[in-house]
Structures are given as structure tokens and as C-alpha cells.
Amino acid sequence: MKRILIIIAAIASLWSCEETIYDGAWVPMELDKTHVNFPPEGGQNTASVLNYTRWWISGGYDFAELVDSQWEYRGYVHATSSDGEQACTYDILEGSWYHVMVPDKGKSNTIIITVDPIGDGGRPREAVINMTVGDAFANISIAQN
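Rules used in this analysis
Residues numbered from 1 in each chain as written. Predicted model: local features only at pLDDT ≥ 70, side-chain atom pairs only at ≥ 80, totals over all residues. Heavy atoms only, no water. Phe/Tyr/Trp six-rings, centres within 6.5 Å; stacked < 30°, edge-to-face > 60°. Helix = DSSP H or I, 4+ residues; strand = E, 2+ residues; numbered from the N terminus. Buried < 20%, exposed > 50% of the residue type's maximum accessible area, 1.4 Å probe, protein only. Contact = heavy atoms within 4.5 Å. Pairing = 2+ DSSP bridges. Axes fitted to C-alpha atoms, helices over the stretch in contact; angles between N-to-C directions. Patch = residues over 30% accessible without salt bridge, like charges linked within 9 Å, V, L, I, M, F, W, Y side chains within 5 Å. Areas by Shrake-Rupley, 256 points an atom, 1.4 Å probe, with all protein chains shown as cover. Salt bridge = Lys/Arg side-chain N within 4 Å of Asp/Glu carboxyl O.

### Section: the packing of aromatic side chains
Scanning the entire structure with this criterion turns up four aromatic pairs. Their ring planes at 45° and their centres at 6.1 Å tell us that tyrosine 61 and tyrosine 73 sit as a pair that is tilted. With tyrosine 61 in strand S3 (residues 56-67) and tyrosine 73 in strand S4 (residues 70-78), the pair connects residues that are 12 residues apart, well separated along the chain. A residue is classified by how much of its surface remains accessible, and tyrosine 61, at 25% relative accessible area, is partly exposed. Assessed through its relative accessible area of 36%, tyrosine 73 is described here as partly exposed. Cluster of aromatic residues (ring-pair linked, three or more members): Tyr61, Tyr73 and Tyr76.

And the structure:
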């Protein structure tokens, strides 16, 4: 009888062990690119997260300028959802000179970045796209010169 109780106690103690996952314990995103360059004519390029199957756009900044040897980003742009705000897919970002989309209505690990032409006499420009998966965040910078 004593052996049976010991076996039952051992089995119960094994079942009661479970891994606790805390908020903020998401694995950092691994990207295939953290920076994308475009020519003055504009164009299209992609970037992907390698260790997650999908991600979404948090937002972005329309431009960056060097102030006291540090980059400052300005002109924040909020991401939107292709199926309306109730969908909460945050798969579209419409910057003033760049456009970002997560294909398949946000069900992809890739983004498509499209950049408008600079135009005559245009200056080089820089922007940053903020991406997220749960509590993991990453930035992708884009430049055009």
C-alpha cells in the first residue's frame, strides 16, 4: 500500500510541473534585412522575419534627420488594417513617400516596401518601419538617394 501511495504521489508531482511563460518573453525577431536602399527612381523590395510565421506593422516614421550626431525620427504614421480597424491586422502603412504591406491580409512573414520616385531636385530621404510579433519588436530602415 505504501508503494502505491509513493507511485501516485510521484505521478501527481510530475503532472503538476508546468512551464510558466511570462509576458515579454517572446524570442527576438530575426530579420533577413534591417535596412533597404532604393534608387532615386523608387522601386519595390521585401524584408522578412525568419523565426515567426506572421507579423504586423506597428507604425513608421516619415523621415529622419541627424541632430547632434544622433538620428531623430519624425512624422509618425499609424498602421491600418486592410479589412477595417475591427480586423486588427495592421497590414498597411502609408507613409508620405513609401508604402508597406504585409501580404495575405497580414498572414505572412514578409513585407513589401514600395518607394515613390524622389523627383527633380529631391533630397535623399530616410524612414523607419516598426514591426512587431507579440512582445517582440524590430525596426527596418529604408533610404533613398
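### Quick look at the environment of alanine 47
In this fold, alanine 47 is placed in strand S2 (residues 43-48). A C-alpha to C-alpha distance of 8.2 Å links alanine 47 and valine 36, two positions 11 residues apart in sequence. Once you skip the residues sitting within four places of it in the chain, alanine 47 turns out to touch Asp32, Lys33, Trp55, Asn109, Thr110, Ile111 and Ile140.

### Observations regarding the sheet that holds S2
Across a sheet, strands are paired by hydrogen bonds formed along the backbone, either parallel or antiparallel in direction. Overall, antiparallel pairing links the four strands, which are arranged S2-S7-S6-S5 in an open sheet. Each of the sheet's edge strands pairs with one partner strand only, and the pair in question is S2 and strand S5 (92-94). Each strand axis lies, on average, 15° off the axis of its neighbour in the sheet, ignoring direction.

### With respect to a nonpolar patch on the surface
Taken together, the side chains of Leu66, Trp71 and Tyr73 make up a nonpolar region of the molecular surface, amounting to roughly 330 Å² of accessible area. Looking at where leucine 66 falls in the secondary structure, it is placed in strand S3.

### Focus on the pairing of strand S9 (residues 136-144)
Counting buried positions along S9 gives seven out of nine residues, so the element sits mostly inside the fold. Taken together, the four bridges between strand S1 (residues 35-38) and S9 define a ladder with parallel strand orientation. Its bridge partner lying in S9, asparagine 37 is registered against alanine 143. Of the strand pairs in this sheet, strand S8 (residues 125-133) and S9 are connected by nine bridges, and their pairing is antiparallel.

### Regarding the pattern of salt bridges
Per the counting criterion, the structure on display carries two salt bridges. Between glutamate 72 and arginine 74 there is a salt bridge, with the nearest N and O atoms lying 2.5 Å from each other. According to the relative accessible area criterion, arginine 74 is partly exposed, its value standing at 35%. One salt bridge connects aspartate 83 with lysine 105, and the closest N-O pair in it is separated by 2.9 Å. Of this pair, aspartate 83 sits in the loop between S4 and S5 while lysine 105 sits in helix H2 (residues 103-106), placing them 22 residues apart in sequence.

### Let's talk about the sheet that holds S8
If you walk across this open sheet you meet the five strands as S1-S9-S8-S3-S4, and the pairing is mixed. Among the strands making up the open sheet, the edge pair consists of S1 and S4. Looking at each pair of strands side by side, their axes are set apart by 25° on average, direction ignored.

### Notes on unusual backbone geometry
Backbone geometry places serine 69, a non-glycine residue, at a positive phi of 65°. Note on placement: serine 69 falls in the loop between S3 and S4. By relative accessible area, serine 69 is classed as exposed at 70%. Residues other than glycine seldom take positive phi values, yet aspartate 104 does so here, at roughly 55°. Within the secondary structure, aspartate 104 is located in helix H2. Judged by relative accessible area, aspartate 104 falls into the exposed class, the value being 57%.

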